Amino acid sequence: MTAGDYNRWSAPFRTPGRAGAVRAVNRTLTLLCFLCYPLSLLWLLARADARLWGCIALPGSGFLLVSLFRRRFNAPRPYEALDIVPLMEKGKHGQSFPSRHVFSIFVIAMTLLRLCAPLGWVLLCCGVVLAWCRVILGVHFPRDVIAGGIAGILWGLPGFFLPL
């Protein structure tokens, strides 16, 4: 992505109402999707479902590894690397690759896909929209969200083959 690409992609959203709407979608999807996860864990706990520990360990270990990788790799964010004005102010520097928001929603979706397929599919769709928001807002490059999504899906796949 170049500065020209970003400016072209974000141009339709450069009004206060539209920029606010994209920020609201980003915030709402993040909150909605990440509330689904602990609620699902509580549901498993209430049912004394043996899959609880696998549903904690798989996403948790992936989140930890992605966090450590991001810290070590320390890729700059678009607003650091390019001459752009992002649609969302974020005081964070570096640690852009891969997107941890996108990784998290995809690994949670993969985990929940096995427990409740319709909810898992909804979260996968939400993940695509969240990835788009993160790029349009200027806080991630497309490669960051693509890598986060692929990593989340791949990290979640063993859940379909292991006795969670």
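Bear in mind that the values here come from a model prediction, so they are computed numbers and not experimental data.

1. Considering helix α2 (residues 16-46)
End to end, α2 covers 44 Å across 31 residues, agreeing with the expected 45 Å (1.5 Å per residue, within 8%). Those residues of α2 lying buried are Ala 19, Val 22, Asn 26, Leu 29, Thr 30, Cys 33, Cys 36, Tyr 37, Ser 40, Leu 41 and Leu 44. The secondary structure elements touched by the buried residues of α2 are α3 (52-73), α5 (100-115) and α6 (117-136). A positive phi of about 55 degrees marks Ala 48, the residue just after α2.

2. Some points on the packing of aromatic side chains
By the definition in use, this model includes four aromatic pairs. Each ring, one from Phe 73 and one from Phe 97, has its centre 5.4 Å from the other, and the planes form 50 degrees; the classification is tilted. Taken together, the residues span a long stretch of sequence, with Phe 73 in helix α3 and Phe 97 in the loop between α4 (78-81) and α5 at a distance of 24 residues. In this structure an aromatic cluster arises from ring pairing among Phe 69, Phe 73 and Phe 97.

3. Some words on the side chain of Ser 40
One can find Ser 40 in helix α2. Within the structure, the side chain of Ser 40 is placed 2.7 Å from the backbone oxygen of Cys 36, a separation counted as a polar contact. Sequence-distant contacts of Ser 40, that is, excluding residues within four places in its chain, are made with Leu 112 and Leu 119.

4. Notes on the environment of Gly 152
With respect to the helices and strands, Gly 152 occurs in helix α7 (residues 142-156). Once residues lying within four places of it in the same chain are set aside, the contact partners of Gly 152 are Phe 103, Phe 106, Val 107 and Met 110.

5. With respect to the environment of Arg 8
Along the chain, Arg 8 falls in helix α1 (residues 3-10). Considering only alpha carbons, one finds Arg 8 and Ile 136, 128 residues apart in sequence, at a separation of 9.9 Å.

6. A word on a nonpolar patch on the surface
On the surface, a cluster of nonpolar side chains totalling about 610 Å² of accessible area is made up of Ile 146, Ile 150, Leu 154, Leu 157, Phe 160 and Phe 161. Its place among the elements puts Ile 146 in helix α7.

7. Points about unusual backbone geometry
Following Phe 97, the chain continues into Pro 98 via a peptide bond in cis, with omega recorded as -10 degrees. Along the chain, Pro 98 falls in the loop between α4 and α5. Its identity as a non-glycine residue notwithstanding, Asn 74 has a phi of 50 degrees, on the positive side. Note that Asn 74 resides in the loop between α3 and α4. Asn 74 sits in the partly exposed class, given a relative accessible area of 42%.

Criteria and cut-off values
- Residues numbered from 1 in each chain as written.
- Predicted model: local features only at pLDDT ≥ 70, side-chain atom pairs only at ≥ 80, totals over all residues.
- Heavy atoms only, no water.
- Helix = DSSP H or I, 4+ residues; strand = E, 2+ residues; numbered from the N terminus.
- Expected span 1.5 Å × (residues − 1).
- Buried < 20%, exposed > 50% of the residue type's maximum accessible area, 1.4 Å probe, protein only.
- Contact = heavy atoms within 4.5 Å.
- Phe/Tyr/Trp six-rings, centres within 6.5 Å; stacked < 30°, edge-to-face > 60°.
- Polar contact = N/O pair within 3.5 Å; in protein donor to acceptor, adjacent residues only side chain to side chain.
- Patch = residues over 30% accessible without salt bridge, like charges linked within 9 Å, V, L, I, M, F, W, Y side chains within 5 Å.
- Areas by Shrake-Rupley, 256 points an atom, 1.4 Å probe, with all protein chains shown as cover.
- Salt bridge = Lys/Arg side-chain N within 4 Å of Asp/Glu carboxyl O.

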